[in-house]
Amino acid sequence: MYDAIVIGGGPAGLQAALTLGRMHRTTLLLDSGQYRNGTVQHMHNVITNDGTPPADFRARARAELAAYADVEIRDVAAQAVAGIEGDFVVSLPGGASASARTVILATGVADDLPPVDGLSELWGVGAFSCPFCDGHEHAGKPIAVLGAATRAEHLIAMLGRFVGEISAVPVGEPYTEEEIASLEARGARASRAVVDAVARAGDGVVVRTADAEHAVAGIFVASGTMRQRASFIPQLGLGMLDSGAIEIDDFGRTSVPGIYAAGDLAHRASLPGPMAAVMMAATAGQLAAVGVIQALMAAEH
């Protein structure tokens, strides 16, 4: 039986495994190979790794984990989690399973993009959601913001200080005249027609509507939702927040004793939502691992 099974091989899971390994706690890291930033070419706003491809970041982390004999990595996806604190069983493909005293969930979330033709192909390459992660690369360049007016205005306020011309384009339903006036008051050029499709055009992107084509350097999406990536999460009976994320305390503890969560699948109730950032995820992974170690020590003594 392992001291901990960490489910998820992104920054949160990798950091959790490293912290556990350094404390000589037997740890199994399960990596499904699915990552929220799997299509991203370069991650940004990560000190010492600004501009590093996420795949390179993960590869280096796994190479570092190889130095810790107490950490085992398997490239498989967890199918289910059952049991109680001190005796959890994680189901694996092919009828296999693994047991652990604690479990750290680091499976992350998946983005459900608005139904715009071509958007999924551009995601992480020419279409983005995070101004902290990808805004600087568009400094002085024209961009398009797709989605609902309220969220679009928030992105315009953040990006408008340093990008070039901003085209705000609605998705699904046209903007009202009041919304158009508000968007244009913030310096954007608001489209009266909804987006039909987006596509790569040279080094940039073209946004097509029924009456125009907007040639821009990149797209920022102001609509869409996220969901728990792991299908077994709803079956665990965890306390959830209105954001759709798992509720945790400062050390990643969930409402179920022995199960911890870290990364953008979880956040504290004091925050409006999860922080979708590599460094925040890694920090959450470390805190969850510390929480696990505290619990293991308490059980042992």
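Residues numbered from 1 in each chain as written. Predicted model: local features only at pLDDT ≥ 70, side-chain atom pairs only at ≥ 80, totals over all residues. Heavy atoms only, no water.

Q: Looking at this structure, how should I read the sheet that holds strand β9 (residues 143-146)?
A: By definition, the strands of a sheet pair up through backbone hydrogen bonds, in either a parallel or an antiparallel sense. Ordered in space as β8-β15-β9-β10-β11, the 5 strands form an open sheet in which the pairing is parallel. Lying at the two open borders of the sheet, with one neighbouring strand each, are β8 (127-128) and β11 (189-190). Pairing of β9 with strand β15 (residues 218-221), which is carried by 4 bridges, proceeds in the parallel orientation. Counterpart to Ile143 in the pairing with β15 is Gly218. Along the sheet, helix α5 (residues 149-159) makes contact with β9, β10 (166-169) and β15, crossing β9 at roughly 155 degrees. (Pairing = 2+ DSSP bridges. Helix = DSSP H or I, 4+ residues; strand = E, 2+ residues; numbered from the N terminus. Contact = heavy atoms within 4.5 Å. Axes fitted to C-alpha atoms, helices over the stretch in contact; angles between N-to-C directions.)

Q: Whenever I open this one, a nonpolar patch on the surface confuses me. Can you help?
A: A grouping of Leu271, Met275 and Met280 is seen on the molecular surface, where their side chains present a nonpolar patch of about 260 Å² in accessible area. Along the chain, the position of Met275 falls in the loop between β19 (266-267) and α7 (278-300). (Patch = residues over 30% accessible without salt bridge, like charges linked within 9 Å, V, L, I, M, F, W, Y side chains within 5 Å. Areas by Shrake-Rupley, 256 points an atom, 1.4 Å probe, with all protein chains shown as cover. Salt bridge = Lys/Arg side-chain N within 4 Å of Asp/Glu carboxyl O.)

Q: I keep staring at the pattern of salt bridges and nothing clicks. Help me out?
A: Opposite charge on two side chains permits pairing when their charged atoms draw close. Evaluation of the coordinates by the stated rule reveals 16 salt bridges. Across the pair Arg101 and Asp3 runs a salt bridge, and its minimum N-O distance is 3.0 Å. Of the two residues, Arg101 sits in strand β6 (residues 97-105) while Asp3 sits in strand β1 (residues 2-7), which places them 98 residues apart along the sequence. Salt bridges sharing common partners tie together Asp3, Arg25, Arg101 and Glu300.

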